[in-house]
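Below, each chain spelled out in residue letters.
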Amino acid sequence: MASSFDSFFTGSNNPSSDEEKIQEATVEISKLGNDIEFTDITAFSEEAQQIAIYRHSWLKELYHLNIHTFSQKSLDAPLSKIHLSLGGEKPNWRTIARWHDAFQKSGRKIVALIPRKKTGNSSAKVPELTEEFIQKALKRLLCAERPSIASGHRYLEEVIFLYNKNTGAKLLTPSYETLRKRFNAVSPYDKMAAIKGKRKADQEFQKVGMIIKSTRVLEHVEIDHTPLDLFIIDDEYMLPIGRPYLTALYDNCTKSIIGYYIGFEPPSLVSVAYALKNAILPKTWLKKTYPQIKNEWLCSGIPEQIVVDNATEFWSPIFDNICFELNIDIKHHGKSKPWRKPNIERYFGTLNREIFTEIPGKSFSNIFEREDYNSQNFSVLTLSALKEIVATWVVDVYLNSPNSRNTNIPSVSWRKAVTKFPPMEFEGSEQELDFHLGHIKSGRLRKEGITFNYLRYHSDELALMRATHGDHSVQIKYNPEDLSFIYVLDQSKEIYIIVPAVDTEYTNGLSLWSHKLHVKYLRKHVKENFDINDLIEARIKIRSIIEESISSKKTKITGKKRASRYIEKDNNVALVKNSEKAATPTESDDDWSFDDNWTSVIEDG
């Protein structure tokens, strides 16, 4: 972490100094993104977001078909094919060309597909209430009995007649042809799903039993987690801590590892974002951190599609939003489809066999292989040494070795493949990438600013927003690994502004996970009203307890592992070494329960 606990004693909790703190924090924050406009589709209305998603779905399908010329001749056939799967109203080829032009000129940003604000009066072709009746008629047609369209139209006539009779309204009944076109616009998949069920539709329209094949780099990328088969020791106290986790991303085309995360963060959105950020950005940190590594790690870029399993973090709306903003498709392989993600599993096995087999401290995957071997007593490897070993093995061994059939060398395949189809690079700054990896939450702007998780945020721009709109609800975006500032949506400008925390010393490099732990400890041990000095004292006490816990041989291995996770976060250990601050999402901040049991650690103190 950027600041030590000693620095907290110099901090002031005097309310009269708040304005000075705000001014100082504003100056520091202005250095972060002075020339960057922070915006994404979350800055717009729900209706506008859905329109952008709809437009992007058509462009995405065309890009998958390798359409490069957007003319009537080149688009007519592909649009008809795509219409069968997407359904709805088929856009005109000129409309598609206009969407494509705006999307590409913006650097492939989704916000470019947000509809422009219209001026003057406009009205829908079909009244909203009539549309509801049409949807009811379509739902009646999409049933197991499969009634005729004529029957569906008679039903539509009847419900509108009864509504007009009971309310005195004068709604017009849509024509038979209107209902027929709307029914025909429903995709074959949706029709079968409604009539025979989703499972039958999946069986009919999806390929099964085949491994996903890729034709270019980052077309299909697998991601997964695993606990490593090794107990490691603390860098300072040289005592066993526990088994670290590995989250890795694997390119299906070249068989390359494109990014990973190693540490005590369990499988979650946090570890996923650590690994994803490491995969997307160029590995400029590698040679600076590990100069003994001979080869370059050339893999970088934004995956076109990520193949995931059914873990909770991959079904999170936050994960969906991150991938959507980065133009990444998500492919869930399903419970009964292991062939969808076989390569990353094979890589984990190779890593454990080739690196950890002969290292003291190995933890056997099979309990029957252990016999009398005690891996905790024989642990000799530190976390920093482990990271160096894995980086060296990935870059100098794995990426530059032929497979068992001598048909592929990952690094060679990558060099060749990128000359034909270069991957999409992230064109923004690292801070913009951190912004896209952020979490969204609502807050309330008042005179004292915004209070978020017991921390207060304020700035001159925020005060101006309040002067214009008064006290009101606002949408915020935050980085769970750095609570020193938040992004606040200025709805009038449809952009996010950076707002610093008032207490810069406490929040400097502070993660949400660590802050929650401090507050939990404070609630348990301090019965008086909340005060920032109490929080600082709690933080100092926790660090003291953890350091004593790690150095004590009586502490159980699980307690040491969780203590190490705290130390790792508190020191702001990031996989991307050139980053001063790592921006990664974590579990919902509404969940203040902790799966880690700190009772044994606290009692030892």
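Sequence order as written defines the numbering, with residues in each chain counted from 1. The predicted origin of the model limits local features to residues at a pLDDT of at least 70 and limits the giving and counting of side-chain atom pairs to 80 or more, whereas totals for whole chains, interfaces and linings rest on all residues. With hydrogens and water set aside, each side-chain value is computed from the structure's full complement of heavy atoms.

A. Quick peek at the nonpolar core. As used in this record, nonpolar core signifies buried Ala, Val, Leu, Ile, Met, Phe, Trp, Tyr and Cys residues forming a set joined through side-chain atoms within 4.5 Å. Exposure classes here rest on a 1.4 Å probe applied to the protein chains alone. A residue is buried below 20% of its type maximum, exposed above 50%, and partly exposed in between. Ranked by internal contacts, the top residues of the largest apolar core, which has 62 residues, are Y260, W297, L326, Y347, L386 and V394. The greatest single-element share of this core, amounting to nine residues, is contributed by helix α10 (residues 269-280). A contact between two residues is defined here by any heavy atoms of the two lying within 4.5 Å. Those residues in contact with V394 that lie beyond four places of it in its chain are I257, Y260, W297, Y347 and L399. Among the nonpolar cores identified, the runner-up in size contains 32 residues, and F452, M465, Y478 and L522 belong to it. Elements are defined by DSSP. Helices are runs of H or I of four residues or more, strands are runs of E of two residues or more, and each kind is numbered from the N terminus.

B. Expanded view of the pattern of salt bridges. Whenever a carboxyl oxygen of Asp or Glu lies within 4 Å of a side-chain nitrogen of Lys or Arg, that contact is scored as a salt bridge. Taken as a whole, this structure holds ten salt bridges when the rule is applied. Among the ionic pairs, K477 bridges to D40, the shortest N-O distance being 2.3 Å. With K477 in strand β11 (residues 472-479) and D40 in the loop between α1 (18-30) and α2 (46-64), the pair connects residues that are 437 residues apart, well separated along the chain. The shortest N-O distance in the salt bridge between R182 and E131 comes to 2.5 Å. Taken as a pair, R182 in helix α7 (residues 176-184) and E131 in helix α5 (residues 128-141) lie far apart in primary sequence, 51 residues in all. Residue R182 is classed as partly exposed on the basis of its relative accessible area of 26%.

C. Molecular detail of the packing of aromatic side chains. In summary, the pairing rule links any two rings of Phe, Tyr or Trp, Trp by its six-membered ring, whose centres are within 6.5 Å, and it sorts them by plane angle into stacked for under 30 degrees, edge-to-face for over 60 and tilted for everything else. Counted under the stated rule, the structure contains 17 aromatic pairs. Centre to centre, the rings of Y54 and W58 are 6.5 Å apart; their planes meet at 75°, and the pair counts as edge-to-face. Of this pair, Y54 and W58 both sit in helix α2, four residues apart, which is roughly one turn of that helix. Taking relative accessible area as the criterion, W58 reaches 0% and is therefore assigned buried. When the centroid spacing of 6.4 Å and the interplanar angle of 75° are considered together, the rings of Y54 and W99 count as edge-to-face. In this pair, Y54 is assigned in helix α2 and W99 in helix α4 (residues 93-105), connecting sequence segments 45 residues apart. By relative accessible area, Y54 is classed as partly exposed at 34%. Chaining the aromatic ring pairs together yields one cluster made of F38, F435, F485, Y487 and Y496. The ring of W297 carries K283 above its face, with NZ or CZ at 4.8 Å from the centroid. Two limits define a charge over a ring: the Lys NZ or Arg CZ must be within 6 Å of the ring centre, and within 35 degrees of the ring normal.

D. Structural view of the sheet that holds strand β4 (residues 245-251). Strand pairing follows a simple DSSP-based rule, namely that at least 2 bridges must link the two strands. One open sheet accounts for five strands, arranged β5-β4-β1-β6-β7; its pairing is mixed. At either end of the open sheet lies a strand with only one pairing partner, and these are β5 (256-263) and β7 (329-332). Each strand of the sheet is rotated relative to its neighbour by a mean of 25°, with strand direction disregarded. Sheet topology note: the strand β1 (residues 221-227)/β4 ladder contains seven bridges and is antiparallel. Within the sheet, the bridge partner assigned to T226 lies in β4 and is L246. Convention adopted: a line fitted to C-alpha atoms gives each axis, helices being fitted over their contacting stretch, and angles between N-to-C directions are expressed from 0 to 180 degrees.

E. Just the pairing of strand β12 (residues 482-490), in detail. Counting buried positions along β12 yields nine of nine residues, so the element is predominantly enclosed. Direction of pairing for β11 relative to β12: antiparallel, over a ladder of four bridges. Counterpart to Y478 in the pairing with β12 is I486. Counting the residues that bridge the hairpin from β11 to β12 gives two residues. Of the strand pairs in this sheet, β12 and strand β13 (residues 495-500) are connected by six bridges, and their pairing is antiparallel. Paired with D490 across the strands is I495, a residue of β13. Hairpin geometry of β12 and β13 is characterised by an intervening segment of four residues between the two adjacent antiparallel strands and by a positive phi of about 60° at E494.

Functional significance is not addressed by these values, which are geometric in nature.
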